[in-house]
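Below are the chains, spelled out letter by letter.
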Amino acid sequence: MPDKVERNSSKLNLEAQRLSATDAVIPKESYKTIPDIDHHQHKVDVEGLENVIGDAVKNSNMVREKVDMSEEGADEKMLGAGEEEQQNLAKKEEVKFISGGDQVNGDAKIDIGAVDKAFTGLTKEELLKFANDPFWVRLRWFLFVCFWGLWAGMLIGAVLIIIYAPKCAAPEPLSWWKQGPLVKIDTPTPDDSVVSAIKALGVKGVIYEVPADETYNIGTDPAISDALKKLAGAFSAAGVNLIVDLTPNFVTREDPLFQRATNNPDARSAFVWREGNQVPNNWLSLVNGSAWTNEGGLIFLQQFGADRFDLQLKDPVALTKLKGVLKEVVGLGAKGIRLANTKHFIINPELPDDIPSTIPNYVHTQYDFWAHAHTTYQDGLGDLLYDLRTYVHNITSGEGFLASLDDIDRPELYVSSSGLPSVDMIQLGKVPNLVANSTAAKSVYRELRNVWVTVESGKHFWMQWNYVKQEMLKHISLSEYNIFLQLLPGVPVFNVDAPKAKPEDYATDAFHKIRSSPSFMHGSFDLYRDVNSTVIGYSRSKSGNPGFFVVLNPTEQFVDANFTNVAGIADELTVHTISANYNVTNVSVKAKVTSSSIPVSGYSAMILTYVPKG
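Parameters and conventions
- Residues numbered from 1 in each chain as written.
- Predicted model: local features only at pLDDT ≥ 70, side-chain atom pairs only at ≥ 80, totals over all residues.
- Heavy atoms only, no water.
- Buried < 20%, exposed > 50% of the residue type's maximum accessible area, 1.4 Å probe, protein only.
- Helix = DSSP H or I, 4+ residues; strand = E, 2+ residues; numbered from the N terminus.
- Pairing = 2+ DSSP bridges.
- Right-handed = clockwise from strand over helix to strand, strands pointing away.
- Axes fitted to C-alpha atoms, helices over the stretch in contact; angles between N-to-C directions.
- Parallel < 35°, antiparallel > 145°, perpendicular 65-115°, else oblique.
- Left-handed = near helix turned anticlockwise from the far one by under 90°.
- Contact = heavy atoms within 4.5 Å.
- Nonpolar A, V, L, I, M, F, W, Y, C, P; charged D, E, K, R; others polar.
- Salt bridge = Lys/Arg side-chain N within 4 Å of Asp/Glu carboxyl O.
- Phe/Tyr/Trp six-rings, centres within 6.5 Å; stacked < 30°, edge-to-face > 60°.

**Q** Which residues make up the pairing of strand β11 (residues 334-339), and what values do they have?
**A** Most of β11 is tucked away, with five of its six residues classed as buried. The sheet contact formed by strand β5 (residues 241-246) and β11 spans five bridges and is parallel. Among the inter-strand pairings, Ile243 is bridged to a residue of β11, identified as Gly336. Alignment of β11 against strand β12 (residues 401-407), held across four bridges, turns out to be parallel. Bridged to Arg338 within β12 is Ala403. Of the crossover connections in this fold, the one passing from β11 over helix α13 (residues 381-395) to the parallel β12 is right-handed.

**Q** Lay out the packing of helix α12 (residues 316-331) against α13 with the relevant residues and their values.
**A** Packing of α12 against α13 leaves a shortest axis separation of 10 Å and a crossing angle of 30°. Between α12 and α13, the crossing angle belongs to the class labelled roughly parallel. Like other packed secondary-structure pairs, α12 and α13 cross with a definite hand, here right-handed. Only Leu384, Asp387, Leu388, Tyr391, Val392 and Ile395 of α13 make contact with α12, whose side of the interface consists of Leu319, Leu322, Lys323, Leu326, Lys327 and Val330. Class assignment of the residues belonging to the contact of α12 with α13 gives a composition of nine nonpolar, no polar and three charged.

**Q** Go over the pattern of salt bridges with me, naming the residues and quoting the values.
**A** Inspection of the entire model under this criterion finds 11 salt bridges. Of the charged contacts, one joins Asp255 and Lys321 as a salt bridge, the two residues approaching to 3.2 Å between their closest N and O atoms. Taken together, the residues span a long stretch of sequence, with Asp255 in the loop between β6 (250-252) and α10 (256-261) and Lys321 in helix α12 at a distance of 66 residues. Here Arg389 ties to Asp424 by a salt bridge, and the two come within 2.8 Å at their closest N and O atoms. Here Arg389 is found in helix α13, whereas its partner Asp424 is found in the loop between β12 and β13 (425-427), with 35 residues between them in sequence.

**Q** A description of the pairing of strand β23 (residues 604-610) should follow, citing residues and the corresponding values.
**A** Judged by how many residues are buried, β23 sits mostly within the fold: seven of seven residues are covered. Burial of β23 is two-sided: the residues Ser604, Met606, Leu608 and Tyr610 facing one way and the residues Ala605, Ile607 and Thr609 facing the other way are all buried. Relative to β23, strand β18 (residues 547-553) runs antiparallel, the two sharing seven bridges. By the bridge assignment, Gly547 is partnered in β23 with Tyr610. Relative to β23, strand β20 (residues 572-578) runs antiparallel, the two sharing four bridges. Bridged to Val575 within β23 is Leu608.

**Q** Would you mind going over the sheet that holds strand β4 (residues 205-209) in detail, with residue names and values included?
**A** One closed barrel accounts for eight strands, arranged β3-β4-β5-β11-β12-β13-β14-β15; its pairing is parallel. Geometrically, the sheet is characterised by an average inter-axis angle of 25° between neighbouring strands, direction not taken into account. When strand β14 (residues 462-466) meets strand β15 (residues 491-494), the two strands line up parallel, connected through three bridges. Bridging across to β15, Trp465 finds its partner in Pro492. Those strands touched by α13 are β11 and β12, and its axis lies near 135° from that of β12.

**Q** Outline the side chain of Ser541, supporting the account with residue identities and numerical values.
**A** Of note, Ser541 is situated in strand β17 (residues 536-541). Judged by relative accessible area, which is 15%, Ser541 ranks as buried. Not counting the four nearest positions on each side in its chain, Ser541 is found in contact with Ser519, Gly523, Ser524, Gly547, Tyr610 and Pro612.

**Q** Describe the packing of aromatic side chains, listing the residues and the values that go with them.
**A** Applying the stated criterion to the full structure yields 23 aromatic pairs. Between Phe144 and Trp148 the ring centres are 6.4 Å apart and the planes differ by 65°, which places this aromatic pair in the edge-to-face class. Here Trp148 and Phe144 lie together in helix α6 (residues 134-164), a separation of four residues that amounts to about one turn. A relative accessible area of 43% places Trp148 in the partly exposed class.

So, to be careful, I would describe these as geometric facts and stop short of saying anything about function.
If you want it as structure tokens, here you go:
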């Protein structure tokens with residue numbers, strides 16, 4: 001009996017806690033008596049029965065009198081629960097039957113409330129039971145080996161990619177003849193003092209011009225061959241290469257090929273000729289007068305004077321003769337060859353009359369009065385020269401070069417039919433002459449800009465700048481001349497005066513360092529005038545390397561030049577080199593100047609260095 005009282009007391013406590021946990025008043029539960037159903041008159045299905053029961057519960061005013069909590073030990077569980085557990089149980093939601101509203105046919109919804117999900121995973125003790133299971137041990141080792149194997153494979157793969165991936169090709173160093181400078185000499189037998197003086201200039205090659213009439217005597221005249229061989233040996237010992245200038249577009253009367261041509265028709269194809277005594281056209285020679293001569297009933301072309309007979313170098317006989325000379329010259333030790341009169345290598349075989357040119361101040365008996373449209377710059381010239389260039393490269397194992405030594409008026413014809421340059425070096429324009437005597441930046445700027453546009457569109461020709469003799473320097477000195485020309489794209493070619501001058505006149509040490517820098521060898525070239533168009537300048541720069549800026553003032557006035565229009569130029573520049581005529585107070589080597597105010601005295605030049613922007 002006491003136990004029963006105690007259980008009832010616990011129930012009352014639980015009910016009180018539940019009422020205190022909610023604000024809503026819980027209505028009393030009441031029941032309504034269910035009327036008897038006449039089974040004989042009505043057939044009630046399950047749904048109807050649920051409807052009747054629902055209505056009875058809803059409308060009943062009966063108070064629940066007795067609840068049996070002892071079913072399946074529920075009362076014992078509640079009695080054994082602590083105070084905290086009792087509070088939690090009290091807060092749990094009741095099971096609710098929801099009817100009416102959108103429910104039809106007596107259907108009811110059941111709202112159970114929130115149901116806590118119990119943890120269903122394995123406990124630590126259960127997992128440890130499998131720790132030493134052979135299957136799981138093998139699986140763990142398999143996964144361990146796979147992980148580190150994949151990691152090692154990725155590491156090895158990354159290393160192999162670094163090693164064998166195609167690398168960015170480093171810029172090729174310039175060929176020796178591109179690095180320059182080069183210098184001319186006027187004797188095939190220089191003494192030791194001349195060799196030493198040329199070596200002191202820091203040049204890469206020495207140029208000797210074979211007399212025009214002796215070009216085809218090389219290999220047949222022992223005196224000429226021996227002189228060239230000794231010349232090559234003398235300069236090779238000094239670390240300087242030999243370059244030979246040849247004049248291959250004509251032969252003399254004594255030449256064996258011409259002697260055969262007068263008697264053998266097979267050899268005549270190498271020349272420009274006609275049978276009979278009648279002059280075929282109005283062509284003139286360079287020394288004025290008719291370009292034709294009668295040789296025993298045969299008329300031969302001789303544009304370069306008496307007893308100099310023009311070769312048709314596209315003819316196989318003439319071309320073979322020229323290649324024989326080239327091979328002989330290389331065999332004697334030459335590493336480079338420059339050819340004179342290249343525009344005359346092919347003659348129009350139809351021999352039409354010449355037409356007057358547009359050059360004024362000449363008369364019809366003078367060579368320059370005529371256009372020479374059939375004796376110069378003929379179709380096929382590019383392919384012919386390209387064939388010779390390839391031949392020279394082959395017999396020199398790629399170390400030599402073939403160049404044209406004359407000024408070229410039509411560089412577009414010095415390209416092969418495949419679009420490649422026909423010669424390694426050409427000379428364009430009159431830039432060295434203008435620098436020597438011009439007093440206006442505009443003229444130098446215009447000529448140099450035209451040259452550069454031609455070079456850029458000419459499949460990367462390499463320029464050569466033939467120096468004038470010192471007596472032609474009217475206003476500037478050799479110092480200014482050197483500063484401006486030596487850093488232009490291309491190679492400077494010193495004249496025969498250079499070995500006789502002081503090495504410091506050419507500032508070879510300073511120029512050599514700049515010419516061997518990446519900014520010169522592989523950098524860009526950009527030409528400018530200052531904002532007032534009084535001073536001319538150009539930049540040589542390459543990303544990641546110091547830039548160089550060369551300034552020339554061809555006027556006699558002092559100029560405070562503003563070159564802020566130069567792309568990538570820094571606000572502050574450092575003076576690297578100043579010319580002999582430079583005399584600005586407080587400005588010397590290593591001094592700082594601004595790009596908006598570069599002081600340049602009259603007839604002077606300077607080189608500045610800077611860190612390019614961007």
